[in-house]
Amino acid sequence: MAALGRAGRGWARSQPCALALAAALAVCAFYYLGGGGETFSSATRRLRATPPAPAHRHPQHGGGEAAAGGRDMHLLLMFTKAERSPALRGKAQVALRSLLRHGRLGGGDALHLHLVTEGASRDIGLGLLRDLLRGAAFRHQVIVHDVNELTEKLFPIVEAMQKHFSAGSGTYYSDAIFFLSVAMHRIMPKEITQIIQVDLDLKYKTNIRDLFDEFDNFPEGAVIGIAREMQPVYSSLAAVPEGDPTDCPCFWRCGRMGRIHVLISKASGYCAAGVAGLQPLEHLRHTFWQYRRENPQTKVGDPPPDGLPGFNSGVLLLNLEAMRQSKLYNQLLEPTMVQKLTEKYHFKGHLGDQDFFTMVGMEHPELFHVLDCTWNRQLCTWWRDHGYSDVFDQYFQCEGEVKIYHGNCNTPIPED
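Residues numbered from 1 in each chain as written. Predicted model: local features only at pLDDT ≥ 70, side-chain atom pairs only at ≥ 80, totals over all residues. Heavy atoms only, no water.

(A) Molecular detail of the overall build of the protein chain. When helices and strands are tallied, the protein chain shows 13 helices and 14 strands. Expressed as a percentage of its 416 residues, the buried residues of the protein chain come to 54%. Long-range contacts, defined as pairs at least 24 residues apart, comprise 80% of the intrachain contacts of the protein chain with a sequence gap of at least 6. As displayed, the protein chain offers around 18,000 Å² of accessible surface, 52% of which is attributable to carbon and sulfur atoms. (Helix = DSSP H or I, 4+ residues; strand = E, 2+ residues; numbered from the N terminus. Buried < 20%, exposed > 50% of the residue type's maximum accessible area, 1.4 Å probe, protein only. Contact = heavy atoms within 4.5 Å. Areas by Shrake-Rupley, 256 points an atom, 1.4 Å probe, with all protein chains shown as cover.)

(B) Fine view of the pattern of salt bridges. Applying the stated criterion across every chain yields a total of 14 salt bridges. For the salt bridge of arginine 71 with aspartate 213, the shortest nitrogen-to-oxygen distance reads 3.1 Å. With arginine 71 in the loop between strand S1 (56-59) and strand S2 (72-79) and aspartate 213 in the loop between helix H7 (208-212) and strand S7 (224-228), this residue pair connects regions lying 142 residues apart in the sequence. Residue arginine 71 is classed as buried on the basis of its relative accessible area, which comes to 14%. (Salt bridge = Lys/Arg side-chain N within 4 Å of Asp/Glu carboxyl O.)

(C) Looking closely at the state of the cysteines. Overall, the coordinates contain 2 disulfides when judged by the stated rule. Paired through a disulfide, cysteine 373 and cysteine 398 show a sulfur-sulfur distance of 2.0 Å. The sign of the 95 degrees torsion about the S-S bond sets the cysteine 373-cysteine 398 disulfide as right-handed. One end of the pair, cysteine 373, is in the loop between strand S12 (368-371) and strand S13 (377-378); the other, cysteine 398, is in the loop between helix H13 (392-396) and strand S14 (404-406), and 25 residues separate them in sequence. At a sulfur-sulfur separation of 2.0 Å, the disulfide partner of cysteine 380 is cysteine 409. (Disulfide = S-S within 2.5 Å.)

(D) Geometry of the pairing of strand S4 (residues 139-146). Taking burial as the measure, the 8 residues of S4 include 7 buried ones, the bulk of the element. In this sheet, S4 lies alongside strand S3 (residues 110-117) in parallel orientation, the contact comprising 8 bridges. Of the residues in S4, the one forming a bridge with alanine 110 is arginine 139. Handedness of the β-α-β unit built from S3, helix H4 (residues 119-133) and S4 comes out right-handed. (Pairing = 2+ DSSP bridges. Right-handed = clockwise from strand over helix to strand, strands pointing away.)

(E) Fine view of the nonpolar core. One finds Met161, Ile224, Tyr329, Tyr345, Phe356 and Phe357 to be the most contacted residues of the largest nonpolar core, which totals 56 residues. Broken down by element, the residue count for this core peaks at 7 residues, all from helix H5 (residues 147-165). In this structure, phenylalanine 357 is in contact with Ser181, Val182, Ile224, Ile226, Phe311, Leu316, Tyr329 and Phe368, ignoring residues within four places of it in sequence. The next biggest cluster of nonpolar side chains, apart from the first, holds 40 residues, and it includes Leu126, Leu128, Val198 and Leu202. (Core = buried A, V, L, I, M, F, W, Y, C linked by side-chain atoms within 4.5 Å.)

(F) View of the packing of aromatic side chains. Counted by the stated rule, this structure contains 15 aromatic pairs. Judged by centre distance (6.4 Å) and plane angle (25 degrees), the ring pair of tyrosine 234 and phenylalanine 347 falls under stacked. Taken together, the residues span a long stretch of sequence, with tyrosine 234 in the loop between S7 and strand S8 (256-257) and phenylalanine 347 in the loop between helix H11 (335-345) and helix H12 (353-363) at a distance of 113 residues. Following the ring pairs from residue to residue traces out a cluster consisting of Phe165, Tyr234, Phe288, Tyr291, Phe311, Tyr345, Phe347, Phe356, Phe357 and Phe368. Over the ring of phenylalanine 396 we find arginine 377; its NZ or CZ atom is 4.2 Å from the centre of that ring. In this structure, lysine 403 is placed above the aromatic ring of tryptophan 375, and the distance from its NZ or CZ to the ring centre is 5.3 Å. (Phe/Tyr/Trp six-rings, centres within 6.5 Å; stacked < 30°, edge-to-face > 60°. Lys NZ or Arg CZ within 6 Å of the ring centre and 35° of its normal.)

(G) Structural detail: the environment of aspartate 353. By secondary structure assignment, the location of aspartate 353 is in helix H12. Using a relative accessible area of 8% as the deciding quantity, one classes aspartate 353 as buried. Along the sequence, aspartate 353 and isoleucine 177 sit 176 residues apart, while their C-alpha atoms lie 9.5 Å from each other.

(H) Representation of H11 within the structure. Burial in H11 covers these residues: Val338, Leu341, Thr342 and Tyr345. End-on view of H11: buried residues confined to an arc of 100 degrees, all on one side of the axis. In H11, those exposed residues whose orientation departs by more than 90 degrees from the buried face are Thr336, Lys340 and Glu343. As for H11, its buried residues are in contact with H5, helix H8 (289-294), helix H10 (327-332) and H12. Of the residues one or two after H11, histidine 346 is the one with positive phi, at around 50 degrees. (Arc of directions from axis to C-beta.)

Printed below as a string of structure tokens:
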């Protein structure tokens, strides 16, 4: 009987640890296995293997520039490692086919498609665009950017912020490409004043020109247009064991970047990281967990319409000229300012530009034009089945006719 009592007390003491470990397993299974076995960093670090090539323009139907009275519309897509991923090639086909099918540009308009790519993916992407653009009834131009050249330009600008918004505790050269939108205004030629950056897992249901018209709706001072995150990614509503999880002698490895083993959690406040071996499970908490605990009246992490659920970077409207002119925005790129804000919000993420925009949006919402949810109708429901069923719909609901579907976390997009 005494032995049974000791066993029961031992289980009670270890239960918080077991719960923390179970939560880690669930999150890792989603982001590690669901992502094809690659971590946030490992998928991009390999990009360095491809020798750089100069940016190249491919003017097509009717020339590449808008005619008098027309609009130059610049759209940027990332297309890398496509030769290894039939799924990525399929997503690109769906996205581009739907984009062009619904595209109704004016006679003087021109669509400039910027393809950020490398190696074999460059040939695949150009071939795909060549086939889809054949017979397009509007002016268009394809501009190829080598990912390595962009990374070389970006790294000095974003190096200091990478440790706050990338997986693991270090700074990786190749991760800089995930911050392209953050510093696009310093990379693109000054004659490009506006550009839209989009993910490939999209399906367009309306005219792309209407999305460019959203630039005209930017309030004074806004430099970026972006939609809200539609899952409780940045909330603090996860079940956390009583007591501090760091008190548990728990060890878990999920993912690997070189000699660094990390716990990668989209919603965690910190990553468990260390060198060579199993690492302690540190701070199994959502990104704003500590800040919300210290500020119980805050709206940070709360669902819309009154809360601040964070942003999703699947569709980004970048007013490059406004970004160049904004003293405030450029100050926020400085390492000291990034450090100040991450300390204030106790923020540690691994989603690159999305995390940066989310954190900045909490402090300076005036820099952002919030797109209606129908412009980035995210479909992922993973968090609904993993501890958030009671609040999920408050984040996920979206009224109105969908303009762009976003099949994030490999969610199927509805057929036409």
